[in-house]
Amino acid sequence: MGILVLNTGSSSLKFSFFDDQAVEVSVGGEVDWHGQDHPSELIVRLAGQPERRTPCDAHEPGDAAGLAIRTVKEALDTDRKFTAIGHRIVHGGSRFRQSARIDPSMEAELGHLAELAPLHNPPALKAIEAAEAEEPGVPQVAVFDTSFFANLPRSAAIYPTPWEWHEKFSIRRYGFHGISHAYCAGRAAEILGRDPADLRLVVCHLGNGCSASAIRGGVAIDTTMGFTPLAGLMMGTRSGDVDPGILTYLMEEHGLTADKIEDALNHASGLLGVSGVSADYRKVEEAANSGHDRARLALEIYAARIRSAIGAFAATLGGLDAVVFAAGVGENSATLRASVCDGLDFLGLRLDPARNAARPRDLDIAEDDSPARILVIHTREDLMIAREVRRLVAMA
Ligand code: AMP
């Protein structure tokens, strides 16, 4: 019948239903629950129809998954079961290096992994349980955001800390957003009409969370994200990389607790922390355009860090064939792309201003004679998950 994809976050669950082998979503939407002050909302998108928003009473990921499943069935007007359900799981740890069918032992392992990803894995686990209750017997598949980075070279994966941290506590670079980075790498090769085996790419996934990756021959060899999704680039509310000495200084000299620091770095930093205006790139851009100094600074830091990552990864890759911009900011902000590419001629990146401004989607926006290409790719985590689910179900 078709594949249902559930992408569960800390305050929203996105759902996408794909008929049989389809590439486009036939029923999609989102359940948002923002806490007690805001009513929860169900958003439904049916192919060729305007989006429908209605209040709902889902207040946690389990409720949301059940509601999503019932909503899709209602829209499809069917009582039949789904062929399979795919879940995006943020953290696969060292144990889950590729997508896999979910069984009770995997669920138990994922429960243990919640320790490594306290903000991210527990909601997905709740969605899995709810989906099992709602659709008993339907195969469920876990697709991990870490898989694409599971085989990073040791020099990229291992932190230069005491060896026992790695051995005893599983401290290493795991990398995240891998589903998006993998999709973009494949799509970039298609757009360029090149064999992925010949390409050296830097993919910049710039949404609420942001990360860049270095991909050679279709294989990830480095990423800005680390042991947690807090590392690397500046994000909406997350700091990205900071000097670890700051944390111990704040604990020892200013009495901040680990909880407070974790909360500040995850929820009160990034664009929000620097600008004091918003975590939303558009709002920070608006404030900057009307002269807000800290908003301007926030945008400068945001772009500077992406530029540094591209430079560093070009060195890691031994050259650069293309840079990819993806996700909310990367796909939509022409000014961000222009600001990042400004001064990167020395890497062979020459942006065509008219192509950049023309709301590109899955297009090359470099000048014709630019030695390296610049691509804007509409990332499709949902499709990538559906493909993984189809592959695994076909193998079973
Ligand atoms: P995502 O997590 O991929 O949904 O991306 C969310 C981010 O994309 C938010 O910071 C939005 O402000 C940003 N975004 C969405 N549309 C635009 C746009 N037209 N221009 C600039 N940023 C945008």
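Computed from a predicted structure; not experimentally measured.

K.L.:
Any chance you could explain the site of the ligand here in plain terms?
P.N.:
In the vicinity of the ligand, the contacting residues are Gly207, Asn208, Ala279, Asp280, Tyr281, Arg282, Ala327, Gly328, Val329, Asn332 and Ser333. Within the backbone of asparagine 208, a nitrogen or oxygen atom sits 2.9 Å from an oxygen atom of the ligand. Asparagine 332 is positioned such that a nitrogen or oxygen atom in its side chain is 3.4 Å from a nitrogen atom of the ligand. Alone, the ligand offers 510 Å² of accessible surface; in the complex the protein occludes 73% of this. Broken down by class, the residue content of the shell around the ligand amounts to 4 nonpolar, 5 polar and 2 charged.

K.L.:
Is there a simple way to think about the environment of glycine 311 in this case?
P.N.:
Considering the arrangement of structural elements, one finds glycine 311 in helix H11 (residues 293–317). Owing to a relative accessible area of 26%, glycine 311 belongs among the partly exposed residues under this scheme. As a C-alpha pair, glycine 311 and leucine 344 span 33 residues in sequence and 8.3 Å in three-dimensional space.

K.L.:
Would you explain the layout of surface pockets in this entry?
P.N.:
Approximately 1,100 Å³ is the volume attributed to the second largest pocket. Along the walls of the second largest pocket sit 30 residues, with Tyr159, Phe227, Thr228, Leu230 and Leu247 positioned nearest its centre. Per element, the largest residue contribution to the lining of the second largest pocket is 4 residues, and it comes from helix H8 (residues 258–267). Considering only residue class, the lining of the second largest pocket consists of 18 nonpolar, 7 polar and 5 charged.

K.L.:
For this particular structure, what's the right way to read the side chain of aspartate 352?
P.N.:
Following the sequence through the fold, aspartate 352 ends up in the loop between helix H13 (334–341) and helix H14 (353–357). A relative accessible area of 17% means that aspartate 352 is categorised as buried.

K.L.:
Help me out: how do you make sense of the packing of helix H10 (residues 281–289) against H11 in this one?
P.N.:
Working note: a packed helix pair is described by the angle between its axes plus the distance between those axes. Their axes nearest at 7 Å, the elements H10 and H11 cross at an angle of 125°. Overall, the two elements H10 and H11 adopt an arrangement that is oblique. Taken as a pair, H10 and H11 cross one another with a handedness that is left-handed. Every residue of H11 that contacts H10 at Tyr281, Val284, Glu285, Ala287 and Ala288 is listed here: Ala295, Arg296, Ala298, Leu299 and Tyr302. For the contact of H10 with H11, the per-class residue count stands at 8 nonpolar, no polar and 2 charged.

K.L.:
Would you explain the pattern of salt bridges in this entry?
P.N.:
Two side chains bearing opposite charge may form a pair once their charged atoms approach each other closely. Inspection of every chain in the model, using the stated rule, returns 21 salt bridges. Of the charged contacts in the structure, one is a salt bridge between glutamate 41 and arginine 53, with a shortest N-O distance of 3.0 Å. Taken together, the positions of glutamate 41 in strand S4 (residues 40–46) and arginine 53 in strand S5 (residues 52–56) put the pair 12 residues apart, joining distant regions of the chain. Overall, the relative accessible area of 47% leaves arginine 53 in the partly exposed class. The shortest N-O distance in the salt bridge between arginine 95 and glutamate 109 comes to 3.1 Å. Taken together, the residues arginine 95 in the loop between strand S6 (84–89) and strand S7 (100–101) and glutamate 109 in helix H2 (residues 104–113) connect sequence positions 14 residues apart. Three or more residues joined by partner-sharing salt bridges are found here, namely Glu30, Glu41, Arg45, Glu51 and Arg53.

K.L.:
Explain empty space enclosed by the protein to me, please; I cannot follow it from the model alone.
P.N.:
Rolled over the atoms, a probe sized like a water molecule indicates the empty space that remains. Applying the stated rule across the entire model yields 1 cavity of 30 Å³ or more. Space inside the largest cavity adds up to approximately 50 Å³. Surrounding the largest cavity, Gly93, Ser94, Phe96, Arg97, Thr146, Ser147, Ala150, Arg172 and Tyr174 form its lining. When grouped by side-chain class, the residues that make up the lining of the largest cavity number 3 nonpolar, 4 polar and 2 charged.

K.L.:
Hey, could you run me through the side chain of threonine 71 in this one?
P.N.:
Note that threonine 71 resides in helix H1 (residues 61–76). Look at threonine 71 and you get buried, because its relative accessible area is 8%. Ignoring any residue separated from it by four or fewer positions in sequence, one finds threonine 71 in contact with Phe15, Leu42 and Val44.

K.L.:
Mind showing me how you'd approach the nonpolar core here?
P.N.:
Among soluble globular proteins, nonpolar side chains are generally buried collectively. By size, the foremost hydrophobic cluster in this structure holds 58 residues, and its most contacted members are Leu206, Tyr302, Ile310 and Leu336. Counting residues in each nonpolar core, the second largest holds 35 residues, with Ala157, Ile385, Val389 and Leu392 among its members.

K.L.:
Honestly, the packing of H1 against helix H3 (residues 121–134) in this entry has me stumped. Any pointers?
P.N.:
One way to put it is that H1 packs onto H3 with a least axis distance of 7 Å and a crossing angle of 45°. Classified by the angle between their axes, H1 and H3 sit oblique to one another. Between H1 and H3 lies a crossing whose hand is right-handed. Contacts from Pro61, Gly62, Ala65, Gly66, Ile69 and Arg70 of H1 reach H3 at Pro123, Lys126, Ala127, Ala130, Ala131 and Glu134. Split by residue class, the contact of H1 with H3 holds 7 nonpolar, 2 polar and 3 charged.

K.L.:
Hey, could you run me through the pairing of strand S2 (residues 12–19) in this one?
P.N.:
Each regular strand shows side chains that alternate between the opposite faces of the sheet. Most of S2 is tucked away: 6 of the 8 residues are buried. Pairing of strand S1 (residues 2–8) with S2, which is carried by 7 bridges, proceeds in the antiparallel orientation. Paired with asparagine 7 across the two strands is lysine 14, which belongs to S2. Counted between consecutive antiparallel strands, the loop separating S1 from S2 contains 3 residues. As paired elements, S2 and strand S3 (residues 27–32) share 6 bridges and run antiparallel to each other. The residue of S3 that forms the bridge with phenylalanine 17 is valine 27.

What counts, and where the lines are drawn
Residues numbered from 1 in each chain as written. Predicted model: local features only at pLDDT ≥ 70, side-chain atom pairs only at ≥ 80, totals over all residues. Heavy atoms only, no water. Near = heavy atom within 4 Å. Polar contact = N/O pair within 3.5 Å; in protein donor to acceptor, adjacent residues only side chain to side chain. Areas by Shrake-Rupley, 256 points an atom, 1.4 Å probe, with all protein chains shown as cover. Nonpolar A, V, L, I, M, F, W, Y, C, P; charged D, E, K, R; others polar. Helix = DSSP H or I, 4+ residues; strand = E, 2+ residues; numbered from the N terminus. Buried < 20%, exposed > 50% of the residue type's maximum accessible area, 1.4 Å probe, protein only. 1 Å grid on protein atoms, 1.4 Å probe; cavity = no way out; pocket = protein on both sides within 12 Å on 5 of 7 lines; lining within 4 Å. Points joined across faces, edges and corners; volume = space filled by probe spheres on them. Axes fitted to C-alpha atoms, helices over the stretch in contact; angles between N-to-C directions. Parallel < 35°, antiparallel > 145°, perpendicular 65-115°, else oblique. Left-handed = near helix turned anticlockwise from the far one by under 90°. Contact = heavy atoms within 4.5 Å. Salt bridge = Lys/Arg side-chain N within 4 Å of Asp/Glu carboxyl O. Core = buried A, V, L, I, M, F, W, Y, C linked by side-chain atoms within 4.5 Å. Pairing = 2+ DSSP bridges.

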